[in-house]
Amino acid sequence: MKTSTGGGQPAPHDARSRWRHARDALKKTLAVQAGLPEMLEDILSSILNIASEGIIVADQDMRILLFSKGAEVIFGYTAPEVLGQPIDLLIPHDRREAHKQRVHAFTAGAILSRRMSNRQDVTGLTKDGRLAPIEVGLSKTTTRSGMIYTAIIRDISESLQAEAELNQAVSEANAASAAKSAFLAAMSHEVRTPLNGVLGMAQAMARDALPAKQVERLEVIRQSGESLLGILNDMLDLSKIEAGKLEMETLEFDLGDLIAGAHNTFSALAAQKGLQFDLYVSNRAEGAYLGDPLRLRQVLNNLISNAVKFTEKGLVEVDVDRQEGLLVIAVRDTGMGISPEALTRLFDKFEQGDLSTTRRFGGTGLGLAICRDLVRLMGGEISAASVVNQGATFTVRLPLEHIGQVPALPDVLGPHPAADDRQQVRLLVAEDNRANQLVIDTLLRQVGITPVIVPNGRAAVAAWEEKPWDLILMDVQMPEMDGPTATSIIRRRELDSGQTRTPILALTANAMDHQLLEYRQAGMDGLVAKPIEIDKLFSAISGAIGPRQPA
């Protein structure tokens, strides 16, 4: 039978039970508190001995009251040697006054703790006279006996050494990068110069009537030279990307023309291999965009080149669309495909699907890595999907601004100087290399232009002073006087005498972005890169001299 005290009060035996529990808990608490003073010394000793940092306690007169094991390791003193000694014992002589001022400011202030980490000023003095860089945390506490100060000290010698080593490594890496850039720039010039002779003469010979066998052999020379030039360009692009010197342009361009140009470039090769080569551009994607058409064309050409290279039969397809504000370009093929393991490293530098592809197809393994970097610089992304023996699909997504249809361009002068103009063009060429002199002379004479060729910049300035010229093609690296110096002299004398500005184009193998800026600063109007391409040369000449009237 249950009983109740009424009014919701607990039964007497419940109250007694809770009282007993409370009494037992109080007894345990009192027992712990009674033994706590005896434990404090052991607890403090345990903390001081285990701490890797040094712990120093000083009184209000700055005399050492406590010196931990960590402090002994940092300063080399034992606790008995320093207890009761002034804290100045641990401060270098020439820094003691500054230390006193800092401690005094801390003592007088309201802040109860402070961390000092100015590595130039916070330095300890060890027993053997060695300077030890330290990091200090300070605190102050008021006791019945007065103020006491506690310092937590950490030796930062190793971290400073590691930082110094890191700085040294960064400095050496920067020096190596600068040396690499200088080497690549020099290599560019040295390789492009003989390539100019090879490819220039190949182009000149291709314009002559030749037996079929000689045409075939000449084509091998041209293709081999262009392959070598492509490898060189990949290396230079990689160097510029890694150095952060590759800048993307923002120009208006017609996507249709760009895609069609890339398609036309590889149509003959695809047909030669018996491949179906299709191109689809959706209505949504047509029109003009703002971006860097040169770099987009480079990415597209690389992807199509790979697709055609690695496809022996079947189809290569370029599909262009616009989805969710992004320009989406997919290049598909029915080629050899890529294994799942190879896909994971496909965009790494110097990587190809497997070593056999390098032996069979050649290449540096840089093309896709450069594509990835270029796409990222344009704010987009590139991905790959593949099934072995069934082909691969590379997809590029770019956030390029779509600005509608491209306005029709007005008629312009064609890439070759007009027939009536050719005998009238007064063209001066400054070039020191004999092979390059022969190349440029041959190419120009084939279209009816007879150039005057001088061997250096000094001779170019002298020839400019003798008579007017319609155009000067100026090499950059020449003996006695280089091209930029000669151009600067001509520009200054034009201003002094009020003469009409003579168009000057750099004719050089040094065609990196920062070099082009240097040429423009010297007063050059543009650049014709070596190895010379006939169409680009004639286009540059036509653009520089403009439409001319017969004399």
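Use the structure listed above.
In this report, the structure presented in the accompanying data block is examined. (Residues numbered from 1 in each chain as written. Predicted model: local features only at pLDDT ≥ 70, side-chain atom pairs only at ≥ 80, totals over all residues. Heavy atoms only, no water.)

Looking only at helices and strands, the chain has 17 helices and 19 strands in total. Looking at the chain as a whole, 39% of its 551 residues qualify as buried. On the chain, roughly 30800 Å² of surface is accessible, and the fraction owed to carbon and sulfur atoms is 54%. (Helix = DSSP H or I, 4+ residues; strand = E, 2+ residues; numbered from the N terminus. Buried < 20%, exposed > 50% of the residue type's maximum accessible area, 1.4 Å probe, protein only. Areas by Shrake-Rupley, 256 points an atom, 1.4 Å probe, with all protein chains shown as cover.)

Across the sheet, three strands lie side by side as S7-S9-S14; this open sheet has antiparallel pairing. Edge strands, defined here as strands with exactly one partner in the open sheet, are strand S7 (251-254) and strand S14 (401-404). Averaged over all neighbouring strand pairs, the angle between strand axes comes to 35°, with direction disregarded. Sheet analysis places strand S9 (residues 288-291) next to S14, joined by three bridges and oriented antiparallel. Bridging from a neighbouring strand, Tyr289 pairs with His402 of S14. Set on the sheet, helix H7 (residues 255-272) makes contact with S7 and S9; between it and S7 the angle comes to about 60°. (Pairing = 2+ DSSP bridges. Axes fitted to C-alpha atoms, helices over the stretch in contact; angles between N-to-C directions. Contact = heavy atoms within 4.5 Å.)

A cluster of nonpolar residues, Met205, Leu210 and Val215, forms a patch on the protein surface that exposes about 230 Å² of accessible area. As for its position among the elements, Val215 is in helix H6 (residues 212-242). (Patch = residues over 30% accessible without salt bridge, like charges linked within 9 Å, V, L, I, M, F, W, Y side chains within 5 Å. Salt bridge = Lys/Arg side-chain N within 4 Å of Asp/Glu carboxyl O.)

Turning our eyes to something else, we now look at the packing of aromatic side chains. Overall, the coordinates contain three aromatic pairs when judged by the stated rule. Ring geometry for Phe253 against Tyr289: centres 6.2 Å apart, planes inclined by 25°, an arrangement best described as stacked. Here Phe253 is found in strand S7, whereas its partner Tyr289 is found in strand S9, with 36 residues between them in sequence. Its relative accessible area of 7% is what places Phe253 among the buried residues. Residue classification places Tyr289 among the buried positions, given a relative accessible area of 0%. Note on Phe347 and Phe394: the rings are 6.3 Å apart at their centroids and 80° apart in plane angle, and the pair reads as edge-to-face. Placement of the pair is Phe347 in the loop between helix H9 (340-343) and helix H10 (355-361) and Phe394 in strand S13 (residues 391-398), with a sequence separation of 47 residues. Overall, the relative accessible area of 14% leaves Phe347 in the buried class. The class of Phe394 is buried, set by a relative accessible area of 8%. (Phe/Tyr/Trp six-rings, centres within 6.5 Å; stacked < 30°, edge-to-face > 60°.)

The subject of this paragraph is the pattern of salt bridges. On inspection of all chains with the given rule, the structure shows 20 salt bridges. Salt-bridge contacts for Glu480 lead to Arg458; the nearest nitrogen and oxygen are separated by 3.7 Å. Of this pair, Glu480 sits in the loop between strand S17 (471-474) and helix H15 (483-497) while Arg458 sits in helix H14 (residues 457-466); the two residues are 22 residues apart in sequence, bridging distant segments of the chain. Classification of Glu480 by relative accessible area gives exposed; the value is 60%. By relative accessible area, Arg458 is classed as partly exposed at 44%. Ionic contacts of the salt-bridge type, sharing partners, join the residues Arg491, Glu494, Arg501 and Asp525 into one network.

Right, let's get into the pairing of strand S2 (residues 64-67). Pairing between strand S1 (residues 54-59) and S2: three bridges, direction antiparallel. Within S2, the position partnered with Ala58 by the bridge is Ile64. Between S1 and S2, which pair antiparallel in sequence order, lie four residues; one of them, Met62, sits at a positive phi of approximately 65°.

The next subject is the environment of Asn456. By the secondary structure assignment, Asn456 is in the loop between strand S16 (452-454) and H14. When the C-alpha positions of Asn456 and Met481 are compared, they lie 6.2 Å apart, and in sequence the two are 25 residues distant. Not counting chain neighbours up to four residues away, the residues in contact with Asn456 comprise Ala430, Met478, Pro479, Glu480 and Met481. Of the polar contacts made by the side chain of Asn456, one reaches the backbone nitrogen of Arg458; its length is 3.1 Å. (Polar contact = N/O pair within 3.5 Å; in protein donor to acceptor, adjacent residues only side chain to side chain.)

Everything listed here is a matter of geometry and, on its own, says nothing about what the molecule does.
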